[in-house]
Structures are given as structure tokens and as C-alpha cells.
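# Coordinate inspection notes
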Amino acid sequence: MRMRSSRLSRIILVMMMVLALATTAFAADPTQEAGTKMIECSDCGALGVVLSDECEAVPCDTCGGTGYVQSPSNFYNTPLSLLPPVIAIALALITKEAYSSLFIGIIVGAMLACNFAPAATVDAVVNDGFIEAIKGNAGIFLFLVILGAIVALVNASGGSAAFGRWAEKNVKSRVGAMLATFVLGVLIFIDDYFNCLTVGSVMRPLTDRHKISRAKLAYIIDATAAPVCMIAPISSWAAAVSGVISDNNLELGYDGMELFVRAIPYNFYSLLTFVFIIGLAFMKFDFGPMKVKELSAQLNGDLGALENADNEEGNSKGKIIDLVLPVVVLIISCVFSMIYVGGFFGVDAWGGTDCAGDFVGSFANTDATVALPWGGLITLVLTVIYMVARRLIRFKGAMECIPKGFNAMIPPIIILTLAVSLKNMTGALGLDVFVHDVMQGASSGLYSMLPAVIFLVACLLAFASGTSWGTFGILIPIVAAVFEPGSTLLIVGVSACLAGAVCGDHCSPISDTTIMASAGAQVNHVSHVSTQLPYAITVAAISAVTYVITGLLVHLGAPALLGLPIGIVLTVGTLFVIKTLTNKKGQAQ
């Protein structure tokens, strides 16, 4: 009875904590006030003025010059804003089918956003959903198609087969193949999209040779892509975090990049995920749905690859250089394109000159949807010239690889379109504002517990919305208002926000990074999500406990840096416990 009372009191305490977080007004504009139904005016862009026919600034008639209007949806900023992603995710996990699940989620979101008006619902699905999704991600779609064409070229040239033969001789074990995939994922830290697709394309021949399931490959790709970008100072993610801090003029005691670097040792989810992957590889076991996939791959040779995956051997004269060279050119071209678009060489893509000669600043200012297609197109042209000059493929055959690459990327393009459309619907319902209301303010009674609470809230928001960037964009200003500038708990709190954003993004089936990982591994998307979820949740639970311990360490005056070694010990210990339980269960059966 005492144990039940103790558990009940802890649950009540946590609930009181969450309720207390929703009591204090935080924002300076109507869209961020607690319980707000206000949104930015679409006609004037929240400026309150528009240009007249005589090119004079006049008050906006739509909003009356305030810049804000009331949301037309009766369900804006309510718990029902969570309903569309919850329905989509639940259906995807139950039916193992992503397209219809996401589409139903979009329909539900549009109905709520339009108050169940039939014509308005259809208009919202088509215009605010699909058209906006395609328009906003056209650059990523183009990069996917270009990369698919490059992969088809490398396969046709025999480069992939040559790498597979080399790997068979030099990488002797499944452990080596998994660790090689992990290392490559860590090395490509500039952008998560680029990481997922490149690592998948390069490592598929190696993991296939060692009968590692595509689901396991997708997990390793996904578990290194976003996490490594979130702890790499030179990455698009670091630039985004720094940009959020500077754009909101937050008084934190540090500039954006310095705070990002200081937060790295406390990004427990990212760091402990790496420990988890290495531990699984060396301890040679799996659990949950992943174990079934791995046994099927080892015993039956069923890797779980997509039916349209390109497995051709290609030209027998192909060499390893025919795979390595295009990858190296792609990396160089994409990095060059990102800093060029960001204005490193003088003028950015928007005509600004603020980032001239500033490498980090140009990363912060770049647009990956513009830069990555640049790098991909340069690489594609050079790869065609190289392959034809090497007489590994005729020009006509090279051109046939372009539609072949496009066909290979159709599934991720469709899923990405549906996922972004669903995000647009949750945006129209004010999901971000609803979570903002839950999070704002602080409880003095459990002040040291806030990092753990922030981590869990960030996990839930990123999981439901499928966007890590949007999550930390919402929560970092709130964290800045909660903690004292320059304090250790501020750094831990910001890192908890970033770690939670990565964790939720990693778990979510509507996350673009998760979709890219499925595309890179050429595996069914729902299969990838369902197999990696137990692994991600395990690390998330360990991370949450570690944040609780770190908060208590700070409260007691002990070094907060002790949190990471404690988290590592907890991760390794958890793996030993799971392995023991898995082995006992296997013996019992």
C-alpha cells in the first residue's frame, strides 16, 4: 500500500509540475499569450500595414492594423491539435501502411482546422497541405532524384559491387560492418538529409554482404544522422540553433554558437545513442521487432529490401574508386554549395553580404533546400562525364539511370509530401502554441527537475509534429525565460530541449529524417519505424533519468559533467540486463 501511495504521490507531483508550467505569461505578442486564439494576419504578415495601389503604407483592413487575427478554427490551441498526428501514427503502427495512415491524419487535421466545412476541408488538404508541402520541399525532392540517379550510375558502373567485394575481404564480421556504418554516419555531420542518403547508398553493399537487415541499417543511419548533427558545431543543425537564439535576441550569457558547444556534453540522448549502437554491435544481440528482422536476414537471407531496390552487379570492370570518387565529390560539392548559398564568398542567395568570409555564419545563413540540389547536380554531371570517360557505361546507359534513380525515390517523396502536409495541418491547429502554453513558466518547488521535464516535453512535441527544428525553435525561448542567464542549469536545460527534439524526431514516423533513413536503406518505412522504436524509447528513458540525476547534481553543488559518465554506465548496464532477459526468454521458448 505504501508503494502504491508513493507512486501515486509522485504521479500527482509530476502532474502539478506540468500544470504549474502553464501558469505564467511568457510572450510579448498575442500569438504567444496563454490560451491565445490569435494568429498572424496572412495579408500583412503581422506588420499591420499593406501597400496601397499608390505604393503607400496603409493599415491592413483584415486585421485592423494590429497584425493579428483570430484563428478561424474552433479547435486552435486545444488538446485536439494533437489528434491528427496521433491518429496517423497509431494507424501506421497498427496497419503497417504509411500512405493511407498519413492521409487520414491529414483529413482529420483539415476537418478540425476548417470546423468540418466540406469545401473548406478539401481546399485545406489540397492547397495548405499538398501544394504547400511540394512547394516548400521542391529542393529536397530534386536532391533525392539527383542522388537516386547518382546511386544508379554507381551501381551500373560496378562501383558498388567492387566495394562489396572489397568489404567481403577486409570487413570480416557483422560487427565490423555495423561499426563501419556507424563511423561513416558520424563522419558525415554537416546535414542529416545528406547523411542519411549518402551513408545508405555507400554502406548497403557492405551490410548486405554480411546479412544485416535493411531495418538494422536504417536504424544505424537514423541513429547517427540527426544525433551527430546536433553535437557537431559545423553543421546545419548547429547553425539553426544559433539562429534561433540570435533571432529571438535571447539574453543567455553566451552567444548562440558558444551555448551550443557548451551544451554538447549534456546532450545525453545523442551521446548515449552512440553508446547504445556500439554496445549492441559488440554484445551481438537484438531485441523486439528488430530481432525478428535480423534472424530472418541471417537464417533466410531476407534482408527486407524494397522490391524496386536496385541490386544489379553492374560492369565487372568497376573499381572501388568508382564509388568513392562520386561520394567525395558529392561531399565537397555540397559543402561548397552550402557556404556559397549562405554568402561565404561575398553575396548570399538573397543579396546579403553579412556572412562574407564567415564559414560558420554562412552555414547559419544557408538554405539546404537550395544548396543540396546545387551540390547534387554538380556531382551528377561530373559523375556522368567520369563514368563515360572510363568506358564503364555508355552515354545512353547513363541517361537511363536518371529515371531509374527517380523511380527508386518515389516512395520517400510520397511519404515526405504526406508528412509535411500533416505538419501543415497541425500548424493550422496551433499544436506548437498548445505546447508553448503547457511549457511556459516554471515551478520553484521542482526547479532542478526541469531539465528532465523539458526533455520529455520536447520528445512529445517533436514526435507529434515530426520536426526537431520547429521543436527547439519553440522551446529554447521558453527555456531562456525559465533559467538564470549563464547558469549551469540553463546550459543543461537548453541541451535537454535539443536532445528531446532529436529523440522525438528519431521516433516519429512523420519525421523527414526518419523518412530519409528509410530511403537511404531502401526499406519499408513502417518497418523501419516499428523496429527502431523500442531502441529509441530505451535510450530516451535512460536519458530522462540522467537529466533527473544531473539536475540533482547541480542542486547539490556537484559537477554537472558527472551526468554523462553516469548515463554511459546506465546505458551499458541496461544493455546487459536486456541481453540477459532476452537470452532467458529464448531458452524458455
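Within every chain, residues take consecutive numbers counted from 1 along the sequence as written. Selection of residues for local features in this predicted model requires a pLDDT of at least 70, selection of side-chain atom pairs for listing and counting requires 80 or more, and totals for whole chains, interfaces and linings are taken over all residues. Side-chain numbers here rest on the full set of heavy atoms in the structure, without hydrogens or water.

## Some thoughts on the overall build of the protein chain
Heads up, the condition is: Numbering of helices and strands runs from the N terminus, with a helix taken as a DSSP run of H or I at least four residues long and a strand as a DSSP run of E at least two residues long. Accessible area is worked out with a 1.4 Å probe on protein chains only. A residue is then buried under 20% of its type maximum, exposed over 50%, and partly exposed in between. We call two residues in contact when some of their heavy atoms are within 4.5 Å. Note that accessible areas follow from Shrake-Rupley with a 1.4 Å probe, and for residues the cover is restricted to the protein chains shown.
Regarding its fold elements, the protein chain presents 25 helices and four strands. Looking at the protein chain residue by residue over its 589 residues, the buried ones come to 55%. Restricting the contact set of the protein chain to residue pairs at least 6 apart, pairs at least 24 apart contribute 78%. When the accessible surface of the protein chain is totalled, it reaches about 24900 Å², and 66% of it is carbon and sulfur.

## Section: a nonpolar patch on the surface
Using the following cut-off: Patch construction takes residues with relative accessible area above 30% that form no salt bridge. Like charges are linked within 9 Å, and nonpolar side chains (Val, Leu, Ile, Met, Phe, Trp, Tyr) are linked within 5 Å. A side-chain nitrogen of Lys or Arg and a carboxyl oxygen of Asp or Glu constitute a salt bridge if their distance falls within 4 Å.
A surface patch of nonpolar side chains, about 380 Å² in accessible area, is lined by Ile321, Val324, Leu325, Val328 and Ile332. By secondary structure assignment, the location of Val324 is in helix 14 (residues 321–341).

## Quick notes on the packing of aromatic side chains
What counts is decided by this rule: Only centres within 6.5 Å qualify two rings of Phe, Tyr or Trp (six-membered ring in Trp) as a pair; their planes then separate them into stacked at under 30 degrees, edge-to-face at over 60, and tilted for everything else.
On inspection of all chains with the given rule, the structure shows 16 aromatic pairs. With a centroid separation of 6.5 Å and an interplanar angle of 85°, the aromatic rings of Tyr266 and Phe268 are classed as edge-to-face. Each member of the pair, Tyr266 together with Phe268, is buried. Ring geometry for Phe455 and Tyr547: centres 5.3 Å apart, planes at 35°, overall tilted. A residue pair is termed long-range when its members are at least 10 positions apart, and Phe455 in helix 20 (residues 450–465) and Tyr547 in helix 24 (residues 525–556) qualify at 92 residues. What makes Tyr547 buried here is its relative accessible area of 0%.

## Describing the confidence of the model for the protein chain
The condition is simple: A score between 0 and 100, pLDDT records how confident the predictor is in each residue.
Residues with a pLDDT of 70 or more make up 87% of the protein chain, whose mean pLDDT is 81. Across the protein chain, helix 12 (residues 268–283) holds the top mean pLDDT of 95, while helix 1 (residues 2–20) sits lowest at 37. A low-confidence stretch, residues 1–28 (pLDDT under 50), is modelled with 30 contacts involving residues beyond four sequence positions or located in other chains. Note on residues 441–445: pLDDT is under 50 here. Beyond four places in sequence and across chains, it has eight contacts.

## Considering unusual backbone geometry
Note: most residues except glycine have negative phi, and most peptide bonds are trans. The phi dihedral of Lys211 falls on the positive side, at around 55°, and the residue is not glycine. Structurally, the position occupied by Lys211 is in the loop between helix 8 (192–209) and helix 9 (214–230). For Lys284, which is not a glycine, the phi torsion comes out positive at approximately 55°. If you trace the backbone, Lys284 turns up in the loop between helix 12 and helix 13 (289–300). Judged by its relative accessible area of 64%, Lys284 is exposed.

## Examining the state of the cysteines
Spelled out, the test is: Two cysteine sulfur atoms make up a disulfide if the distance between them is within 2.5 Å.
Taken as a whole and assessed by the stated rule, the structure comprises zero disulfides. Free of any disulfide, Cys459 has its nearest neighbouring cysteine sulfur in Cys503, separated by 3.6 Å.

## Details of the packing of helix 8 against helix 23 (residues 512–521)
Basically, it comes down to this: Lines are fitted to the C-alpha atoms to define the axes, a helix being fitted only along its stretch in contact, and any angle between axes, read from their N-to-C directions, falls within 0 to 180 degrees. Roughly parallel means an angle under 35 degrees; roughly antiparallel means over 145; roughly perpendicular covers 65 to 115; every other angle is labelled oblique. Helix crossings fall into two classes, left-handed where the near helix is turned counterclockwise from the far one by less than a right angle and right-handed where it is turned clockwise. Each residue gets one label: Ala, Val, Leu, Ile, Met, Phe, Trp, Tyr, Cys and Pro are nonpolar, Asp, Glu, Lys and Arg are charged, and the others, such as Gly, are polar.
Direction vectors running N to C along helix 8 and helix 23 enclose 20°, while the axes themselves pass 7 Å from each other. With respect to each other, helix 8 and helix 23 are oriented roughly parallel. Between helix 8 and helix 23 lies a crossing of right-handed hand. Here helix 8 contributes Asp192, Tyr193, Cys196, Leu197, Gly200, Ser201 and Arg204 to the contact with helix 23, which in turn contributes Asp512, Thr513, Met516, Ala517, Ala519, Gly520 and Ala521. Considering only residue class, the contact of helix 8 with helix 23 consists of seven nonpolar, four polar and three charged.

## Some words on helix 17 (residues 395–408)
For clarity, the cut-off: Multiplying one less than the number of residues by 1.5 Å gives the expected span of a helix.
Between its terminal C-alpha atoms helix 17 stretches 20 Å, which fits the 20 Å expected from 14 residues at 1.5 Å a residue. Buried positions along helix 17 lie against helix 5 (138–157), helix 16 (368–389) and helix 18 (410–428).

## Here's the deal with the side chain of Ser73
Selection rule: We call two N or O atoms a polar contact when they sit within 3.5 Å, provided that within protein one can donate a hydrogen and the other can accept it, with sequence-adjacent residues counted only if both atoms are side-chain atoms.
One can find Ser73 in the loop between strand 4 (68–70) and helix 2 (83–95). A distance of 3.1 Å separates the side chain of Ser73 from the backbone nitrogen of Phe75, its partner in a polar contact. Within polar-contact distance, the side chain of Ser73 engages the backbone oxygen of Leu112 at 2.9 Å. Contacts of Ser73, omitting those with residues within four sequence positions, involve Leu112, Ala113, Asn115 and Leu429.

## Brief notes about the environment of Ala519
With respect to the helices and strands, Ala519 occurs in helix 23. Judged by relative accessible area, which is 4%, Ala519 ranks as buried. Sequence separation between Ala519 and Cys196 is 323 residues, and the spatial gap between their C-alpha atoms is 7.9 Å. Setting aside its immediate chain neighbours within four residues, Ala519 contacts Leu197, Arg204 and Pro412.

## Points about the side chain of Thr513
Residue position: Thr513 is located in helix 23. Beyond its immediate stretch of four places on either side in the chain, Thr513 contacts Asp192, Cys196, Asp222, Ala225, Ala226, Trp237 and Asp505.

## Some remarks on the pattern of salt bridges
Under the counting rule described, the total for this entry stands at five salt bridges. The salt bridge involving Lys135 is made with Glu132; its shortest N-O contact spans 3.1 Å. Taken together, the residues Lys135 and Glu132, both in helix 4 (residues 118–136) and three residues apart, mark about one turn of the helix. The class of Lys135 is exposed, set by a relative accessible area of 59%. Overall, the relative accessible area of 37% leaves Glu132 in the partly exposed class. One salt bridge connects Glu294 with Arg174, and the closest N-O pair in it is separated by 2.6 Å. Placement of Glu294 in helix 13 and of Arg174 in helix 7 (residues 174–187) is noted, with a sequence separation of 120 residues between them. A residue is classified by how much of its surface remains accessible, and Glu294, at 2% relative accessible area, is buried. For Arg174, a relative accessible area of 22% puts it in the partly exposed group.

## A word on the packing of helix 8 against helix 14
Packed helices, taken two at a time, are described by the angle between their axes plus the distance between the axes. Running from N to C, helix 8 and helix 14 point in directions that differ by 175°, and their axes come no closer than 11 Å. As far as their axial angle goes, helix 14 and helix 8 are roughly antiparallel. Every residue of helix 14 that contacts helix 8 at Phe194, Thr198 and Val202 is listed here: Leu323, Val327, Leu330, Ile331 and Cys334. Looking at the contact of helix 8 with helix 14 residue by residue, the classes come out as seven nonpolar, one polar and no charged.

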